[in-house]
Every structure is written in structure tokens, then in C-alpha cells.
Amino acid sequence: MSNHRSRHERVALVTGSTSGIGLAIAQALILDGWMVALHGLGTAQEIDSVLMQVASQVGSSNMPRHFHADLRSPEQARGLVSEVESKLGRVDLLVNNAGIQHTSRVEDFPTSKWDEIMAINLSAVFHACAAALPGMKRRNFGRIVNIASIHGLVASAEKAAYVSAKHGVVGLTKTIALENARSNITCNAICPGWVRTPLVEAQVLHRMSAMGLDHEAAERTLLAEKEPSQRFTTTEHIASAVAFLISEAGSNITGTSLAMDGAWTAQ
């Protein structure tokens, strides 16, 4: 990092990092020497299980801290950043990863689900960025990586709220990049296609039920419908992309949306 702080002084906050993409990113950062603030909902037992899992993979010398916040609340989204800054001293890297999904046609889409998806998938990203940027500006260093989706670039049927929110994240990413272009703060989005996560697994299970398929066949039909590579992007791939964007090699990459989609958007 160009601010020359030692590795163990670097602090990253990764939202939605108790499973899936967020956990993979957090583990990679810890292995690279970052102090990581984990975030995610769950019981005390579930959180302890995640921390034990991390310890088994990265060792106990640089254990992360877990912070709780309900990202449906603007106050809690902003408060999460403030609490990490208070307890760990700073937020050098903010990875906005938390997200939820619901599928339905527009005319049938429950208002409560629309509001919840917009709150967690878009508004919380805005509030966390707004809370983290002042500290980054004071230190003239910051990295923001927003985990958007290929649905931030293209649409799919029955995903009105998710598509709208992720398009919003891509737009917000560009705005933050422009506002901070002459500083040492970058803001980028990663737009994965199909990744094996609980959100995608739910769609696989739905296909199994609706189409009478086994798990492997349901996965194949899901991939065939959108992704020419016929392969899932892995959580480790996304963690590696984050590592590149926050590295010195990525220091002049800002405002971009990196599609990791097996040529989905090339069609």
C-alpha cells in the first residue's frame, strides 16, 4: 500500500462476511496481513463457529473481530463503520458485500421485499461509504470495493429489486470515484456472474423442484441459460480480484465495474 503503513496496521471492513464471497475475501485479507472486521447476522454460536473456521485456516496470530449491524437501518450501517474505527482505529478498506435476493414478477413483487432489498443491497452501501470516506480523506488513503453483480450491468426477469439495487451500486461506485479521483482513494465494483453462494444455491434448489431435476442437472441449466463458459466463478476468484484492485497495480483503477461472468455480458 502506498501509504507505507505496516501490514498489521491496515484495517478492512467486509460486510456480509460470515459466509460465501465475503468470508473468502476476509480470509484472503487476513492471510495478507490485514486486520479484518467481520460483519454478518447470526447467533453467538454461529458467529463463534465462523471465527473458529477462520482460525483453523489462517491461524490465531491475526484473528478478526466481529461486528453486528442490521444494514436495513441507515443508522446501524453508518454506526458499523464508526464502531470499527473506534475499536480498530481506522477503516482503510471497505468491502460492501452484504446482499439479499427475492424473485417475483414486478406486479407481484412484495413491497416489503423491495424495501428490504433496496435497503441492504443499495442504501447500506451508500451509508457505509459516506461514513468511511471522511477518515479516508483525512489520511489521503482509502480503497472501496463494492461487490455488485452482473445484474448491475444487465437485467434478468423476476429480479426487479436486485437488478435495480445493483445498477444503483454501479452508479454510486462511479460517482464516488469521480468525487475522489484526485486523491489516493479508489472505488470500484466487482460484478460476478454465477457464484456458488447461498443465494445461487437457492435458485438451484428452486429449479430442482420446479423442473424435476437432480442437483447437477439444475446447475447445468442455470449456467447454460446465461453463462457461456458453463463454469461458476469461485469465491476465491473474487477475493483475488479484490486483492488486485487494492494493490499498487490497481492504484489508478477507479470507477470501473469488473465483470467476472464467463462472457455473460459479451453476448
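Scroll up to find the structure.
Residues numbered from 1 in each chain as written. Predicted model: local features only at pLDDT ≥ 70, side-chain atom pairs only at ≥ 80, totals over all residues. Heavy atoms only, no water.

(A) The overall build of the protein, seen in detail. Scanning the protein from terminus to terminus reveals eight helices and seven strands. For a compact globule of 267 residues, the expected C-alpha radius of gyration is about 18 Å, and the protein comes in at 18 Å, within 12% of that figure. Referenced to the eigenvectors of the C-alpha coordinate spread, the extents of the protein come out at roughly 55 × 40 × 35 Å. Every one of the 267 residues in the protein was classed for burial, and the buried ones make up 50%. Look at the contacts in the protein between residues 6 or more apart in sequence, and 71% of them connect residues 24 or more apart. Only carbon and sulfur atoms are counted for the fraction: they give 52% of the accessible area of the protein, which is about 12200 Å². Positive and negative side-chain charges of the protein, numbering 23 and 24 respectively, have mean locations separated by a distance of 8 Å. (Helix = DSSP H or I, 4+ residues; strand = E, 2+ residues; numbered from the N terminus. Rg over C-alpha atoms; globule rule 2.2 N^0.38 Å. Buried < 20%, exposed > 50% of the residue type's maximum accessible area, 1.4 Å probe, protein only. Contact = heavy atoms within 4.5 Å. Areas by Shrake-Rupley, 256 points an atom, 1.4 Å probe, with all protein chains shown as cover. Lys, Arg positive; Asp, Glu negative; His and termini not counted. Charge placed at Lys NZ, Arg CZ, Asp CG, Glu CD.)

(B) Structural view of the nonpolar core. One finds Leu 13, Val 84, Leu 94, Met 136 and Ile 144 to be the most contacted residues of the largest nonpolar core, which totals 47 residues. Among the elements of the structure, strand S1 (11-14), helix H3 (74-88), helix H4 (111-139), helix H5 (160-179), strand S6 (185-192), helix H6 (198-211) and helix H7 (215-226) are those that each provide at least two residues to this core. With 29 residues, the next largest nonpolar core counts Ile 30, Trp 34, Ile 238 and Ala 239 among its residues. (Core = buried A, V, L, I, M, F, W, Y, C linked by side-chain atoms within 4.5 Å.)

(C) Summary view of the side chain of Asn 180. As for its position among the elements, Asn 180 is in the loop between H5 and S6. Take Asn 180: its relative accessible area is 7%, and that puts it in the buried class. The contacts of Asn 180, once residues within four sequence positions are left out, are Leu 133, Lys 137 and Ile 185.

(D) Representation of unusual backbone geometry. Residues other than glycine seldom take positive phi values, yet Glu 158 does so here, at roughly 70 degrees. Counting through the fold element by element, Glu 158 comes out in the loop between strand S5 (142-147) and H5. With relative accessibility at 41%, the residue Glu 158 sits in the partly exposed group. A positive phi angle is found at Gln 230, which is not glycine, with a value near 60 degrees.

(E) Structural detail: empty space enclosed by the protein. Counted according to the given criterion, the structure contains two cavities of 30 Å³ or more. Estimated volume of the largest cavity: approximately 50 Å³. Thr 15, Leu 71, Asn 96, Asn 97, Ala 98, Ile 120, Ala 124, Val 125 and Ala 128 are the residues that line the largest cavity. Residue contributions to the lining of the largest cavity peak at four residues, all from H4. Considered class by class, the residues forming the lining of the largest cavity number six nonpolar, three polar and no charged. Its volume calculated, the second largest cavity comes out at about 40 Å³. What lines the second largest cavity is Asn 96, Asn 97, Ala 98, Asn 121, Val 125, Asn 146, Ile 147, Lys 166 and Val 169. Put simply, the parts of the chain that give the lining of the second largest cavity at least two residues each are H4, S5 and H5. In terms of residue class, the lining of the second largest cavity is built from four nonpolar, four polar and one charged. (1 Å grid on protein atoms, 1.4 Å probe; cavity = no way out; pocket = protein on both sides within 12 Å on 5 of 7 lines; lining within 4 Å. Points joined across faces, edges and corners; volume = space filled by probe spheres on them. Nonpolar A, V, L, I, M, F, W, Y, C, P; charged D, E, K, R; others polar.)

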